[in-house]
Amino acid sequence: MVQETTTEKIPAIAKRIFLPVLGIALIAIAMRFLGFFPELVVLFILFVFILPPLLYLALKKIADPVPLWVSPLFAVIILGFLYTGIISSDNAYENDLILFALIFLISTFAVIGPYPFFEKKIRIQNPWKLFPFAAFIGTALFLIATMGEIYAGRPWPAFFSSLPLTGWILDDLANLLQVQGTVYAFYSHVYRTLWACGFYLEIFIIAVVYYAVLARLCPAGTGQEQT
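Quantities reported herein were computed from a predicted structural model and do not represent experimental measurements. For every chain, the first residue of the written sequence is number 1, and numbering continues from 1 along that sequence. In keeping with the model being predicted, local features are shown solely for residues with a pLDDT of at least 70 and side-chain atom pairs are shown and tallied solely at 80 or more, while totals for entire chains, interfaces and linings include all residues. Each side-chain value is derived from all of the structure's non-hydrogen atoms; neither hydrogens nor water enter the calculation.

With that settled, the discussion passes to a nonpolar patch on the surface. To count toward a patch, a residue needs a relative accessible area above 30% and no salt bridge. Like charges then connect within 9 Å, nonpolar side chains (Val, Leu, Ile, Met, Phe, Trp, Tyr) within 5 Å. All accessible areas in this document rest on Shrake-Rupley with a 1.4 Å probe, and a residue is counted as covered only by the protein chains that are shown. For salt bridges, the criterion is a side-chain nitrogen of Lys or Arg within 4 Å of an Asp or Glu carboxyl oxygen. Nonpolar side chains collect at one region of the surface, where L46, I50, L54, L57 and W128 lie side by side and expose about 390 Å² of accessible area between them. Numbered from the N terminus, helices here are DSSP runs of H or I no shorter than four residues, and strands are runs of E no shorter than two. Among the secondary structure elements, I50 is positioned in helix 2 (residues 38-62).

Another aspect to go through is helix 7 (residues 167-176). Burial in helix 7 covers these residues: G167, L170, D171 and A174. Down the axis of helix 7, the buried side of the element spans an arc of 100 degrees, and every buried residue falls inside it. We call two residues in contact whenever any of their non-hydrogen atoms come within 4.5 Å of each other. Taken together, the buried residues of helix 7 touch helix 8 (180-183) and helix 9 (189-217). Q178, located one to two residues past helix 7, shows a positive phi value of around 55 degrees. The buried label goes to any residue with under 20% of its type's maximum accessible area, the exposed label to any with over 50%, and the partly exposed label to all in between, with areas taken from a 1.4 Å probe on protein chains only. This arc is taken over the directions from the axis of the helix to the C-beta atoms.

This part is about the packing of helix 2 against helix 4 (residues 92-112). Each axis is a line fitted through C-alpha atoms, and for a helix only the stretch in contact is used; angles between axes span 0 to 180 degrees, taken between their N-to-C directions. Where helix 2 meets helix 4, the axes come as close as 9 Å, and the angle between the chain directions of the two elements is 35 degrees. Seen from above, helix 2 lies across helix 4 with right-handed handedness. Judged by residue contacts, E39, L40, L43, F44, F47, P52, L55, Y56 and L59 of helix 2 engage Y93, L97, F100, A101, F104, L105, T108, F109 and I112 from helix 4. Amino acids are sorted into nonpolar (Ala, Val, Leu, Ile, Met, Phe, Trp, Tyr, Cys and Pro), charged (Asp, Glu, Lys and Arg) and polar (every other residue, Gly among them). Across the contact of helix 2 with helix 4, the residue classes tally to 16 nonpolar, 1 polar and 1 charged. In this scheme, a crossing is called left-handed if the near helix is turned counterclockwise away from the far one by less than a right angle; it is called right-handed if the turn is clockwise.

Next comes the structure, spelled out in structure tokens:
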């Protein structure tokens, strides 16, 4: 067998790097074209392509396999930050960026959460390849939810309008407990926190389905594992 030389490997490596970078660049250009601020574009790229695999690999350094309770624990901590407003700024724009970053971080932990259960069942073992799709859905869902009608000074809409999978649970719970006035009041911390809870569950469900499909289509043990 003829071994590949270093010169022959360079085009393959360059191709593997060039295509993802090109895709990220096109997404960034499209977001700027749609009117998103540069800082938001950076956050989007960071929380879709970089942070999910980095966080998971860091957690594996601490505990391998990663316990299933770790992701919900960090999500609860972030929810506490959202409810109390400990991490905030007097500048409205900076405050929005902090809110976006916290919600994106919740999405990241929702993507990571179910993966340890499926890790040994999926042939593709590289988190840099696995996580971006689910992370993209999570961040895109949040960005879509923030677009549209402005509710300044008016009650917030039903959770189901932006969380089709889990929003109805929160709406029914608010109706059952007769706390609609408190929950849907403008700038309600309760609404923001409950929405983040529903968002976490929504992305968690999507991630479970995504990994389950991969485990079905690319089961471990049917071929050489990708690293």
